[in-house]
Amino acid sequence: MRKGIIILLHLLLLSALLAAAACSSETASAPTPTSAQTNYPLSVVDMLGRSVQISQRPTSIVTTHPTATETLYKVGGTAVGRDSGSKYPAEATTLPPVGSIYTISVEAIAVLNPDLIIIEALTQQNIIDSLQTLGVPIIAVRAASLADIDQSLALVGNIVDRDEAATQAVADIHSKIEAVQGNATGGKSVLILIADANRIIYAAKPESYPGTIVALLKLGNTATGLPESGPYPGFALFTAEQALTSNPDVVFTITPAPAPARRLSTLLPQIPGFNQIDAVKAGLVVELDPFLFLQAQGPRIADAAEEMLRLINEAAE
């Protein structure tokens, strides 16, 4: 009798060990994410290389640029105020504006009593001194490259205690880009042009945000190697003489000015030199959305790549 009980106990113990092993195996193949909580006070280095102290989790955030706004919302954060140019996501458009990208109002920000301000590094470095009078932490983000976007998402996610959301956002962006790249054949060359208020024309180098998208699609860039010049970061002056010797398969244009300003795509056929480009003569000139490809650089880079690939394919038909 006693021997039978011992055998039974051994069998029960063996069953328990097998069940535990099975459970362990399932856990190993599909790990459950753990929640990593940010500890405050927090010291971070922003995209300008500035060391910034965050005393507590921010709850009243003001963003002063579409890149800042979209980065914050991509990690699940929210703002109490934004620049007038921030139009995505839709919920951000209901927030009180604090001025335009280049004319931010310190007074309008002060009224909102923020505990964090997020700016854009390349275009808004000059407003840091005036914003510092508010005594609020200021964080600069940047999206000149895919690596910048990844780093900015991780930075903001850490500050607002949304590390997991930031990690997932980065993974989603890379996954979508890989899917777009899988449908891209490459081999073609493009030229992306923009004009300033004086109709001086500049081309997007690989170092620009549109140039980054071109590189992701494995397309050639006619502006590669040109010296950077002009008001747009990553762009180079592109003259009529240079246009005469260029031979892109497709010409993309960006017109920052809103309608009724004429689109650059409609002007090129009338500009000497540029009207001699084979792609222009063939009507292979495509206008890009200035918001998606220039003004709102950031987490929607995969959407921009997808859109550019669609336009390339349509132009080839």
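These lines cover the structure that appears in this document, whether it is placed above or below. The residue numbers shown here count from 1 along each chain, following its written sequence. Where totals are concerned, whole chains, interfaces and linings use all residues; where local detail is concerned, this predicted model gives features only for residues with pLDDT of at least 70, and gives and counts side-chain atom pairs only at 80 or more. Based on all heavy atoms of the structure, the side-chain values leave hydrogens and waters out of the count.

### Observations concerning the side chain of serine 86
For the purposes of this entry, the term helix denotes a DSSP run of H or I that reaches at least four residues, the term strand denotes a run of E that reaches at least two, and both are numbered from the N terminus. Position of serine 86 relative to the elements: it lies in the loop between helix H2 (66-74) and strand E4 (99-100). Residues adjacent in sequence count toward polar contacts only when both atoms are side-chain atoms; beyond that, a polar contact is any pair of N or O atoms within 3.5 Å, and within protein one must be able to donate a hydrogen and the other to accept it. Within the structure, the side chain of serine 86 is placed 2.7 Å from the side chain of threonine 69, a separation counted as a polar contact. Side chain to side chain, serine 86 and aspartate 83 meet in a polar contact 2.5 Å long. Note on contacts: a residue pair is in contact if any heavy atoms of the two residues lie within 4.5 Å. Setting aside chain neighbours within four positions, we find serine 86 in contact with His65, Pro66, Thr69 and Thr93.

### Side note on the packing of aromatic side chains
In this analysis, rings of Phe, Tyr and Trp, with Trp reduced to its six-membered ring, are considered paired at centre separations within 6.5 Å, and the interplanar angle assigns stacked below 30 degrees, edge-to-face beyond 60, and tilted for intermediate values. Throughout the structure, instances matching the rule amount to 3 aromatic pairs. Geometrically, the ring pair formed by phenylalanine 238 and phenylalanine 274 is tilted, given 6.1 Å between the ring centres and 55° between the ring planes. Here the residue phenylalanine 238 occupies a position in the loop between strand E11 (235-237) and helix H9 (240-244), and phenylalanine 274 occupies one in the loop between helix H10 (264-267) and helix H11 (278-281), the gap between them amounting to 36 residues. Phenylalanine 274 shares its class with phenylalanine 238; the two are buried. Among the aromatic side chains, those forming a connected cluster through ring pairs are Tyr202, Tyr232 and Phe235. We count a charge as sitting over a ring when the NZ of a lysine or the CZ of an arginine lies within 6 Å of the ring centre and within 35 degrees of the ring normal. Stacked on the ring of tyrosine 88, the Lys or Arg arginine 300 has its end atom at 4.0 Å from the ring centre. Relative accessibility decides the category of a residue: with a 1.4 Å probe and only protein chains considered, values under 20% of the type maximum give buried, values over 50% give exposed, and everything between is partly exposed.

### Quick notes on the pairing of strand E9 (residues 201-204)
By the alternation rule, side chains of E9 split into Ile201 and Ala203 and Tyr202 and Ala204, which are all buried. When DSSP finds at least two bridges between two strands, those strands are taken to pair. Pairing between strand E8 (residues 189-195) and E9: 3 bridges, direction antiparallel. For alanine 195, the partnering residue across the bridge sits in E9 and is isoleucine 201. In textbook terms, the turn of a hairpin is the stretch between consecutive antiparallel strands, and for E8 and E9 this stretch comprises 5 residues, one of which, arginine 199, has a positive phi near 65°. As judged from the 3 bridges shared by E9 and E11, these two strands associate in the antiparallel manner.

### Brief notes about the pattern of salt bridges
Salt bridges, as used here, are contacts in which a Lys or Arg side-chain nitrogen is within 4 Å of a carboxyl oxygen on Asp or Glu. Evaluation of the coordinates by the stated rule reveals 9 salt bridges. The partner of lysine 281 in a salt bridge is aspartate 278, and the shortest N-O contact between them spans 3.8 Å. A residue pair is termed a helical-turn pair when its members lie 3 or 4 positions apart in one helix, as lysine 281 and aspartate 278 do in helix H11 at 3 residues. A salt bridge links glutamate 307 to arginine 310; the shortest N-O distance between them is 2.7 Å. With a gap of 3 residues between them, glutamate 307 and arginine 310 both fall in helix H13 (residues 301-316), about one helical turn apart. Take arginine 310: its relative accessible area is 37%, and that puts it in the partly exposed class. When salt bridges with common partners are traced through the structure, they connect Lys176, Asp303 and Glu306 into a single cluster.

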